[in-house]
Amino acid sequence: MVQAWYMDQSEEDQKTPHRAQPEQRVPAQQLRELGVCSWKLNPDNYETDPELAKIRKERSYSWMDIITIHKDTLPNYEEKLKIFYEEHLHLDDEIRYILDGSGYFDVRDKEDKWIRISMEKGDMITLPAGIYHRFTLDENDYVKAMRLFVGKPIWTPYNRPADKHEAREKYVQFLAQTA
Ligand code: KMT
Ligand code: NI
């Protein structure tokens, strides 16, 4: 299971864990109530892995590419990291599978508090359309991730506030149902 915890209030270095004190872990069930699903897979044979193939088929994750985020490999590294860490939403699900390295996805809970999800090699996650979130590298400064998509990818981030989008309104309704 992915490890997740509530964040402290400090705005310093985004790459550090920022665990609230005392520690407040977030179980997978609570993430599911936010519409966040996760899986643990074997990334060493991702090209032939039947488990990955099954998830992709069942959920129509037909499109994929692989992104490597490291200062020497990603063009406009600093600028992209900044964009990834702006609080935003998308009109579609954001699906990521960590093939190597690690990083953090932060999501807002029902009370608008930040939950930090630690993503390590073998972790796959789906963030639902309309959820406010952000991404950062951790102190290892490196991640290689598969990006999956239902249909053709649309990467557009809508920075907060973006409450008038239908995807957001639908997501808020979804949250109310699981309250
Ligand atoms: C995103 O949308 O935040 C990214 O693609 C970056 C991270 S992929 C691990
Ligand atoms: Ni995003």
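Please refer to the structure higher up on the page.
Draft legend 1. Structural view of the overall build of the protein. The helix and strand inventory of the protein stands at four helices and ten strands. Listed N to C, the secondary structure of the protein is β-α-β-α-β-α-β-β-β-β-β-β-β-α in terms of helices and strands. The globule rule puts the C-alpha radius of gyration for 179 residues at 16 Å, and the 16 Å found for the protein is close to it. Only carbon and sulfur atoms are counted for the fraction: they give 48% of the accessible area of the protein, which is about 9,900 Å².

Draft legend 2. Inspection of the coordination of the nickel ion (ligand 2) at higher detail. In the first shell of the nickel ion (ligand 2), the protein supplies H88 (NE2), H90 (NE2), E94 (OE) and H133 (NE2), at 2.0 to 2.1 Å from the metal. If you list the donors of the nickel ion (ligand 2) from N- to C-terminus, the spacing comes out as H-x1-H-x3-E-x38-H. Taking relative accessible area as the criterion, H88 reaches 5% and is therefore assigned buried. Among the residues examined, H90 registers a relative accessible area of 11% and is labelled buried.

Draft legend 3. Broad picture of the nonpolar core. L31, V36, I69, I115 and I117 are the most contacted members of the largest nonpolar core, which has 28 residues in total. Every residue in contact with L31, bar those within four places of it in the chain, is listed here: V2, A4, V26, V36, I115 and I117. Counting residues in hydrophobic clusters, the runner-up holds eleven residues, among them Y46, I95, M124 and L148.

Draft legend 4. Summary view of the layout of surface pockets. Of the volumes computed, that of the largest pocket is approximately 340 Å³. Of the residues contributing to the lining of the largest pocket, the split by class is 13 nonpolar, three polar and six charged. Each pocket or cavity is described by its volume, and for the second largest pocket that value is around 280 Å³. Considering the residues around the second largest pocket, the lining is formed by 15 residues, among which D8, Q9, E11, W114 and R134 are closest to the centre. By residue class, the composition of the lining of the second largest pocket is four nonpolar, four polar and seven charged.

Draft legend 5. Looking closely at the pattern of salt bridges. This structure, assessed with the given rule, holds 17 salt bridges. Note that E111 is salt-bridged to K113, the shortest N-O span being 3.7 Å. Accessibility expressed as a relative area gives 61% for E111, which makes it exposed. Judged by its relative accessible area of 38%, K113 is partly exposed. For E166, the salt bridge identified is with K170, shortest N-O distance 3.9 Å. Here K170 and E166 lie together in helix α4 (residues 166-177), a separation of four residues that amounts to about one turn. The same class applies to E166 and to K170, which are both exposed. Several salt bridges converge on common partners, so that one network encompasses E87, R108, D112 and R160.

Definitions and limits used
- Residues numbered from 1 in each chain as written.
- Chains lettered and ligands numbered in written order.
- Predicted model: local features only at pLDDT ≥ 70, side-chain atom pairs only at ≥ 80, totals over all residues.
- Heavy atoms only, no water.
- Helix = DSSP H or I, 4+ residues; strand = E, 2+ residues; numbered from the N terminus.
- Rg over C-alpha atoms; globule rule 2.2 N^0.38 Å.
- Areas by Shrake-Rupley, 256 points an atom, 1.4 Å probe, with all protein chains shown as cover.
- Donors = N, O, S within 2.8 Å, 3.2 Å for Na, K, Ca; no water.
- Buried < 20%, exposed > 50% of the residue type's maximum accessible area, 1.4 Å probe, protein only.
- Core = buried A, V, L, I, M, F, W, Y, C linked by side-chain atoms within 4.5 Å.
- Contact = heavy atoms within 4.5 Å.
- 1 Å grid on protein atoms, 1.4 Å probe; cavity = no way out; pocket = protein on both sides within 12 Å on 5 of 7 lines; lining within 4 Å.
- Points joined across faces, edges and corners; volume = space filled by probe spheres on them.
- Nonpolar A, V, L, I, M, F, W, Y, C, P; charged D, E, K, R; others polar.
- Salt bridge = Lys/Arg side-chain N within 4 Å of Asp/Glu carboxyl O.

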